[in-house]
Protein chains: 2
Amino acid sequence: MKTHSSSKKSLDGKYVESDLPLLIQRRGMAVWEDGIVKILDRRKLPNQVDFIVCKTSEDVAVAIENMAIQGAFSISIAAGYGLALSLKNNCSISDLNKASARLISTRPTGMALKKVITYCQKTAIDAMDNNLCPASAVIELTSKVASDLAKQAQKTAQNAISLLKDGDTILTHCFPDRSYVYLLVEAKRRNIDLKIICSETRPYLQGTKLTAFCSSSLGFKTKVISDGMGGALMQQGLINAFITAADRVCMDGTVANKIGTYQYALAARENKVPYYVLRQSGPDLGSNDSNAIEIEERDGDELTMIDKKNIAPKNVQGFYPAFDVTPSNLVTRIITDRGIFMANQIKSYFDNDSFIADSLL
Amino acid sequence: MKTHSSSKKSLDGKYVESDLPLLIQRRGMAVWEDGIVKILDRRKLPNQVDFIVCKTSEDVAVAIENMAIQGAFSISIAAGYGLALSLKNNCSISDLNKASARLISTRPTGMALKKVITYCQKTAIDAMDNNLCPASAVIELTSKVASDLAKQAQKTAQNAISLLKDGDTILTHCFPDRSYVYLLVEAKRRNIDLKIICSETRPYLQGTKLTAFCSSSLGFKTKVISDGMGGALMQQGLINAFITAADRVCMDGTVANKIGTYQYALAARENKVPYYVLRQSGPDLGSNDSNAIEIEERDGDELTMIDKKNIAPKNVQGFYPAFDVTPSNLVTRIITDRGIFMANQIKSYFDNDSFIADSLL
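Attention in this report is confined to the structure presented alongside it.

What counts, and where the lines are drawn
Residues numbered from 1 in each chain as written. Chains lettered and ligands numbered in written order. Predicted model: local features only at pLDDT ≥ 70, side-chain atom pairs only at ≥ 80, totals over all residues. Heavy atoms only, no water. Least-squares fit on C-alpha atoms with pLDDT ≥ 70 in both. Contact = heavy atoms within 4.5 Å. Pairing = 2+ DSSP bridges. Helix = DSSP H or I, 4+ residues; strand = E, 2+ residues; numbered from the N terminus. Axes fitted to C-alpha atoms, helices over the stretch in contact; angles between N-to-C directions. Buried < 20%, exposed > 50% of the residue type's maximum accessible area, 1.4 Å probe, protein only. Arc of directions from axis to C-beta.

## Details of the relation of the copies chain B and chain A
Part 1: Structural alignment of chain B on chain A gives an RMSD of 0.0 Å, achieved by rotating through 180° and translating 0.0 Å along the axis. Read as a symmetry element, the transformation amounts to a two-fold axis. Across chain B, the rotation axis passes nearest the C-alpha of Asp227(B), at a separation of 2.7 Å.
Part 2: Interface overlap between copies is the fraction of interface residues in one copy that are interface residues in the other; for chain B against chain A it reaches 100%, indicating a shared surface.

## Here we look at the sheet that holds strand 5 (residues 195-199) of chain B
The pairing of strands in a sheet comes from backbone hydrogen bonds and takes either a parallel or an antiparallel form.
Part 1: The 8 strands lie next to each other as 14(A)-6(B)-5(B)-4(B)-7(B)-10(B)-17(B)-18(B), forming an open sheet whose pairing is mixed. Bordering the open sheet on either side are strand 14 (316-318) of chain A together with strand 18 (339-341) of chain B, each of which pairs with just one other strand. The average angle at which neighbouring strand axes cross in this sheet is 25°, direction not considered.
Part 2: Taken together, the 3 bridges between strand 14 of chain A and strand 6 (residues 221-225) of chain B define a ladder with parallel strand orientation. Within the sheet, the bridge partner assigned to Val316(A) lies in strand 6 of chain B and is Thr222(B).
Part 3: Each of strand 4 (169-173), strand 5, strand 7 (241-244) and strand 10 (275-278) of chain B is contacted by helix 6 (residues 177-189) of chain B, which is oriented at about 110° to strand 10 of chain B, the strand it contacts most.
Part 4: Packed on one face of the sheet, helix 7 (residues 206-217) of chain B meets strand 14 of chain A together with strand 4, strand 5 and strand 6 of chain B and runs near 170° to strand 6 of chain B.

## Comments concerning the pairing of strand 5 (residues 195-199) of chain A
All names here are of chain A.
Part 1: Of all 5 residues making up strand 5, 4 are buried, and the element is well covered by its neighbours.
Part 2: In the sheet, strand 4 (residues 169-173) pairs with strand 5 via 5 bridges, with the strands oriented parallel. Paired with Leu 171 across the strands is Ile 197, a residue of strand 5.
Part 3: Sheet topology places strand 5 next to strand 6 (residues 221-225); 5 bridges connect them, and they run parallel. Looking at strand 6, one finds that Ile 196 is bridged to Thr 222.

## Side note on helix 1 (residues 57-65) of chain A
Residue and element names in this part refer to chain A.
Part 1: Where helix 1 is concerned, the buried positions are Ser 57, Val 60, Ala 61, Ala 63 and Ile 64. Viewed end-on, helix 1 has its buried residues packed into an arc of 160°, placing them on one side of the element.
Part 2: The secondary structure elements touched by the buried residues of helix 1 are strand 2 (36-40), strand 3 (51-54), helix 2 (72-86) and helix 3 (93-104).
Part 3: At the C-terminal side of helix 1, Met 67 shows a positive phi close to 70°.

Structural measurements only, silent on function.
Now the structure itself:
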């Protein structure tokens, strides 16, 4: 017999929380819990399920910066709750603005974080103006965003499933976030058997630690490869579809995603492998084209240090731009919560109504 | 004042041994020393300069298999001396054949190993037939091969240097072997300043541990990137040339090299970055095209184990084909000891005379 907690509905409103892979459960990203924010430390997966307890918005900012949590959408949830932490003790507007700016500065390439924090900030000020509790207002808003994101992801997966068939082998790069995990959940429900190949995605190895973790926990046959291998596997006809998320999609269909995506997209086009981008909430209205994208450059030491040991020779630095930019002509389709689009037609996303009222993202 | 040993001429006959980066010194590959074979353990570089002492040909086979030494040419030297170890104690022809087969089986993709062992085997039998010491004959032959390889590499570098100019940024993948190191030596001698970007080359990280080690020890500004990054850097115009070695070149110009090369070659063509293959001894006469190439599949654990810890989730395997195949139309030039060739004209390599008498490779 299921306990009450294990039969709890998940954020998407459809599935039972405990039936979902950990990374798309509530505790798989960030949760507000009695005045603290608990963040699952993704760096320690799959061997350890460990939570970072954040007491201040600075703690949350550091957790995001240090990759304890990642993914354009997941970090925006953590940041929203993080902002609520700054509001606990009679916070001034200037403190609020400072905390907002700090949280936004953590990762510049995805836009969800900035949007969520900007709305949260506004919501907090409105609440102050109306003598309501700003922290509660921000928590409520963030929780709605978390739930909307899950519903959008689930809808995106329902749209994307039509592109896959039984027996397909899927190549992924990095962790393609909630929409991809829901796609696997959807495939399992429909008895569509997939073979999964995860590009490990150095230096943080999200492919091995996160993506492979989700697909194997759902029972799909899963292998990991190095980031140099995907092209050769496509050339050999071993891949039926290349699928990633996107940290940002521009209005012209340009895709910003974890670095490594671009060269796989080139290999996909060369070898007639479709490249599908899962981008639940469509393009960013403020980003016309690649000129709008700021590529985050992370510390080169993240490449040259392994297990706290420097593996590089003296005087050799790592170089770590975290994202790359794939032009729309390399993208076969962008799959969203509002349907499937040709990449260069993605701006028509906004011609379709949102199925979620007041959706922020 | 230089000591006698530090002014010793190197294998190439031109440079002073101690002026060269460790990896192209004699001790940088494998040396015969009083009845043992000493192999520099490349896996421990750059932090430790450690030698494996091999007393049997099986010891050498294991060192090659386990990547203590790598590179199509370097392993052939180790294997030649390894075969000599099997001849120390009244070895029968059947033992010799067994040791030869074992050494050849270690790495199937490069052809130099097979060629050297086949010649060594024949030389040993000839020596036995003529009442000469077969071990000495094999050691002598292997030492000549080692010296020929160094001379060819140095010549290849002299040919290649015309393709580079002061200020160029070079992207490499894996360790492009002796010819590349001589190219850097040549550049330094001519005051051609290069910036070097090494793709780290998971899982063994030869890019970080070997290639960056050589270029930084020569004073070139060197950075390492992950194997997903090279394409994006080419797209951004940051790379002036992509350079690799080749484990095998077919008569039609197809190039087999460390996996990851193919997708970089695609990105190079897309972004008009020249892709130069350093292949000192030209194509393999027995390999017409890609059908002749056997791709070695190594143990998937080499990807999922880091520092003896399994980083992959339960039921997830690594998949590690060690090489990939780049068609000739993606290769700008193949540079050899006998000149520079269009990839699809590489068979005319054999229209040119060797500058080394009786060269085996």
